Protein chains: 2
Amino acid sequence: MTRNSETRPLGVGLAGFGTVGSGLARLLTDNADIIRRRTGRDIAIRAVLVRDATKAREVPLPAGAELTTDPARLVNDPDIDVLVELMGGIDAARGIIGEALEHGKHVVTANKALLAEDGLALFRLARKKRRILRYEASVAGAIPVVEALKECLAGNRVESLMGILNGTSNYILSEMTASGIEFGEALRQAQELGFAEADPTLDIDGHDAAHKLVLLIRLAWGADYPYAALSVRGIRGMAALDIRFAREFGYRIKLIGQARMAPAGNTEGKPGAPAPLCLEAGVFPALVHHTYLLARVGGAYNALRVDANAAGPLFFHGRGAGSLPTAGAVLADLMAVARDERPNNTGFAEPELARAAIVPPEDWRSPYYVRVMVDDTPGVLRDISGCMAAEGISVAQMIQKAGDGASGVPLVFMTHETTARAMSGALRRAADGGLLREPAVYYRVL
Amino acid sequence: MTRNSETRPLGVGLAGFGTVGSGLARLLTDNADIIRRRTGRDIAIRAVLVRDATKAREVPLPAGAELTTDPARLVNDPDIDVLVELMGGIDAARGIIGEALEHGKHVVTANKALLAEDGLALFRLARKKRRILRYEASVAGAIPVVEALKECLAGNRVESLMGILNGTSNYILSEMTASGIEFGEALRQAQELGFAEADPTLDIDGHDAAHKLVLLIRLAWGADYPYAALSVRGIRGMAALDIRFAREFGYRIKLIGQARMAPAGNTEGKPGAPAPLCLEAGVFPALVHHTYLLARVGGAYNALRVDANAAGPLFFHGRGAGSLPTAGAVLADLMAVARDERPNNTGFAEPELARAAIVPPEDWRSPYYVRVMVDDTPGVLRDISGCMAAEGISVAQMIQKAGDGASGVPLVFMTHETTARAMSGALRRAADGGLLREPAVYYRVL
């Protein structure tokens, strides 16, 4: 009565039994009936790989699963069809995934860092071994952005994508916006509430979002954008002052991962001939107008906006992390394997992904928000404006506020479209002219 | 070098060459390189079925495609692998889809009305013939909600879904909200701008949203909820007055399609045993708090919120109609066929979908918005409140405004959670007591 002739349970070897691994074990129990109804099979964890088998665990092991500290146990067991890698980190994870593929296992992973830094070699190996390598949980947790780009937008030419890809940073920015507190205090709160790690570097300096952006670029354009080439700027030390000024202009400040076709590398109008792909891609704090759905993304949520030539604008929003949301994405991948799909790992038929060309971030065009601290003297506004005009920058809006004396008076500008190169040129002129009391702050406006 | 051994072009028979059909032809040309890169094959339209072959067409026929008025031409051609049905309507569409399946063709359709009213028989036939029947474009246009429910949320127990599923109605409500105009004027504007049909019945009376809701229920729960059993209420005659009052409470009025597990039919805690599924499902205008993303859906856009036991809340937003957005969804389905997936039409392994139990709409629990027009006399508020209290309804907020004399004074209540049965009981008491100058207006609050 089942569609799938393969009615033996799908055997899983689980590497890592932390937050997501124990969430997966719970879902396999709680949703067992759903899984059977949807795939015609059961999914059974055969073995769980941990570093320390003697450690006390809050969550009991899945029934019938064996605890092991030996990676070879998962790789050699003929009853294991799929390795689920939830250990994190790079080297050990790469080792066990590689071994599993070599031994003919399919692989499901949530490891964005490994896939961003070393994914192409793993895709190549999976292709050679004709095995499935799935990774829905590696970007934006419960939000099905991998499937959306790989399958649902398959017939589209993606023009741009931008997202809030790191929940910790978004939580901190949301708290700073809601309560007017400074960055340090918001980070401490996030750490106390478990929204930020003791070492928050990966999150607040933008590296986690950058890993995810590399995966999204591969899915959207079938091109490799080397992780090391990405322009990455996080939110460390963001001033409450700028969040307040941004609000006065009608904007929220968000940590954005963005990639878009560079105007010069536009492939429109040349159907049939693969044109050279040139992308602007990076992670940076930016001002987002309050009427955009992205500006409404609060707390630890993630979101992605994709603009594509058939679909137009699409927006996805949901939980980007957490035990069950992430485990649910892992489970969807497992069920796809249980349904015995053919491998379709990159979403592209070609065996090797070409390398995308890269526009230097200083040449991306966008409006900018700039705040400078100046002395409250006659002519200072004229002098600063002159520095901007000298670089061809045109000002759209301006706010001047009374200062506290110590650090001078803030002048805040919203510019028309320009480049970071022009902006830093104008600010260098202002600094050279002795106009700035402290280094200027500037952000892109979306 | 391609993944797929099947490198012959996928042959398409296109039934219907209107807005969506011509959009599909355009995408197959404009995005031909993308399609080849992603599937390793070309997709070629072999024949186009129209009612009148002599009619002048704005869009030229696809190169190599033959124009025909004979459905048998599409069904018998051995070079046609897939029928794409974009004719709309019920009888002729059912006829050609059935014939195509019988002749071993796969089918891609955007026909929500046919699938809602008669889809189970078509799924049964596709299963018997082992053919793919895909329908991403039939719900919410470019937004990949079919794939999200069928694949990405496969391991989840869906708890509820609610969406803005009809762009015409949303456009009218958005215009009424933004400009304060009455329903009739907003409808006329929408018709002039091409957002509403000359006969807008399907859209504004909720039937189009109801068709889509039936498909979503099948995808989310693997259960059949007969179209005829759905409670459907549209927006015809909605008063600008109520949109204004709703705003004062912080809400927008939206036409919502909703389905959720009824509290009594809750299956939690009984894993492994299929519990009886009982749903509350219907289409109705409702108040949505302005902080909800659903309240932010403007113009002709569509959106869907899904709550599921692993993912938590997910939100999808995008174009729900239009030539290219809908054609892009059809194309994604075609590319899935080109990649030679196994049939997975309903998302469930079981051959027959069981019928869901139905909670009568008068017993759904929710807060309500109520507006009554009363005489401006002492004691009227006490009397109306007494009618509510007699039915166990508790009031959360109240607004009283000066009236224009002719139709009395409006009293507007926001209640705590109650049922439509209690509400209509209270209003009957008020009417019997001679308190109401005109029939009361009430909406659910989400």
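Fair warning: this is a prediction, and the values are worked out from it, not measured in the lab.

What counts and what doesn't
- Residues numbered from 1 in each chain as written.
- Chains lettered and ligands numbered in written order.
- Predicted model: local features only at pLDDT ≥ 70, side-chain atom pairs only at ≥ 80, totals over all residues.
- Heavy atoms only, no water.
- Pairing = 2+ DSSP bridges.
- Helix = DSSP H or I, 4+ residues; strand = E, 2+ residues; numbered from the N terminus.
- Axes fitted to C-alpha atoms, helices over the stretch in contact; angles between N-to-C directions.
- Parallel < 35°, antiparallel > 145°, perpendicular 65-115°, else oblique.
- Left-handed = near helix turned anticlockwise from the far one by under 90°.
- Contact = heavy atoms within 4.5 Å.
- Nonpolar A, V, L, I, M, F, W, Y, C, P; charged D, E, K, R; others polar.
- Buried < 20%, exposed > 50% of the residue type's maximum accessible area, 1.4 Å probe, protein only.
- Lys, Arg positive; Asp, Glu negative; His and termini not counted.
- Salt bridge = Lys/Arg side-chain N within 4 Å of Asp/Glu carboxyl O.
- Polar contact = N/O pair within 3.5 Å; in protein donor to acceptor, adjacent residues only side chain to side chain.
- Least-squares fit on C-alpha atoms with pLDDT ≥ 70 in both.
- Buried area = accessible area lost by both parts, 1.4 Å probe.

Engineer: Explain the sheet that holds strand β5 (residues 106-109) of chain A to me, using residue names and the numbers behind them.
Structural biologist: Read across the sheet, 6 strands follow the order β3-β2-β1-β4-β5-β6 (chain A) without closing on themselves; strand pairing throughout is parallel. Looking at which strands have only one partner, the edges of the open sheet turn out to be β3 (66-68) and β6 (133-134) of chain A.

Engineer: Now, about the packing of helix α7 (residues 167-179) of chain B against helix α11 (residues 240-248) of chain B: what can you tell me, with residues and values included?
Structural biologist: Residues and elements named next belong to chain B. Relative to each other, α7 and α11 sit at 70 degrees, their axes nearing to 10 Å. Our classification of the angle between α7 and α11 gives roughly perpendicular. The chirality of how α7 crosses α11 is right-handed. Contact with α7, carried on its side by Leu173, Met176 and Thr177, involves Ala240, Ile243 and Arg247 of α11 and no other residues of that element. A breakdown of the residues in the contact of α7 with α11 according to their chemical character gives 4 nonpolar, 1 polar and 1 charged.

Engineer: Got a sec to walk through the side chain of Arg41(B)? Specific residues and values, please.
Structural biologist: Residue and element names in this part refer to chain B. Turning to its location among the elements, Arg41 is positioned in the loop between α2 (32-39) and β2 (43-49). We note that Arg41 is buried and unpaired, the nearest opposite charge coming from Asp81 at a distance of 4.6 Å. One polar contact links the side chain of Arg41 to the main-chain carbonyl oxygen of Arg8, over a distance of 2.9 Å.

Engineer: Quick one: what's the story with the side chain of Ser138(A), residue by residue and with numbers?
Structural biologist: All names here are of chain A. Mapped onto the fold, Ser138 is located in the loop between β6 and α6 (145-152). Within the structure, the side chain of Ser138 is placed 2.6 Å from the backbone oxygen of Tyr135, a separation counted as a polar contact. Setting aside chain neighbours within four positions, we find Ser138 in contact with Thr109, Ala110, Asn111, Lys112, Leu115, Lys212 and Leu215.

Engineer: Lay out the relation of the copies chain B and chain A with the relevant residues and their values.
Structural biologist: In screw terms, the move from chain B to chain A is a rotation of 180 degrees and a rise of 0.0 Å along the axis, fitting with an RMSD of 0.1 Å. Interpreted geometrically, this transformation is the action of a two-fold axis. No C-alpha of chain B approaches the rotation axis more nearly than that of Phe316(B), which lies at 2.4 Å. A shared binding surface is used by both copies, with 100% of the interface residues of chain B retained as interface residues in chain A.

Engineer: With reference to specific residues and values, describe the interface of chain B and chain A.
Structural biologist: Contacts between the two partners involve 66 residues from chain B, matched on the other side by 66 residues from chain A. Surface buried jointly by chain B and chain A totals about 5800 Å² across both partners, of which 48% is contributed by carbon and sulfur atoms. The tally of links from chain B across to chain A stands at 6 salt bridges. When the shortest N-O distance is used, the salt bridge between Arg157(A) and Asp33(B) registers 3.0 Å. At the junction of chain B with chain A, the criterion picks out 31 residue pairs in polar contact (both at pLDDT 80 or more). Listed by contribution, the elements that provide at least two residues to the side of chain B that touches chain A are α1 (19-30), α2, α6 (145-152), α10 (207-221), β13 (312-319) and α12 (323-338) of chain B. Ranked by the residues each element gives to the side of chain B that touches chain A, the list is headed by β13(B), at 8 residues. In this sheet, β13(B) lies alongside strand β13 (residues 312-319) of chain A in antiparallel orientation, the contact comprising 3 bridges. Looking at the pairing, Phe316(A) lines up with Phe316(B) of β13(B).

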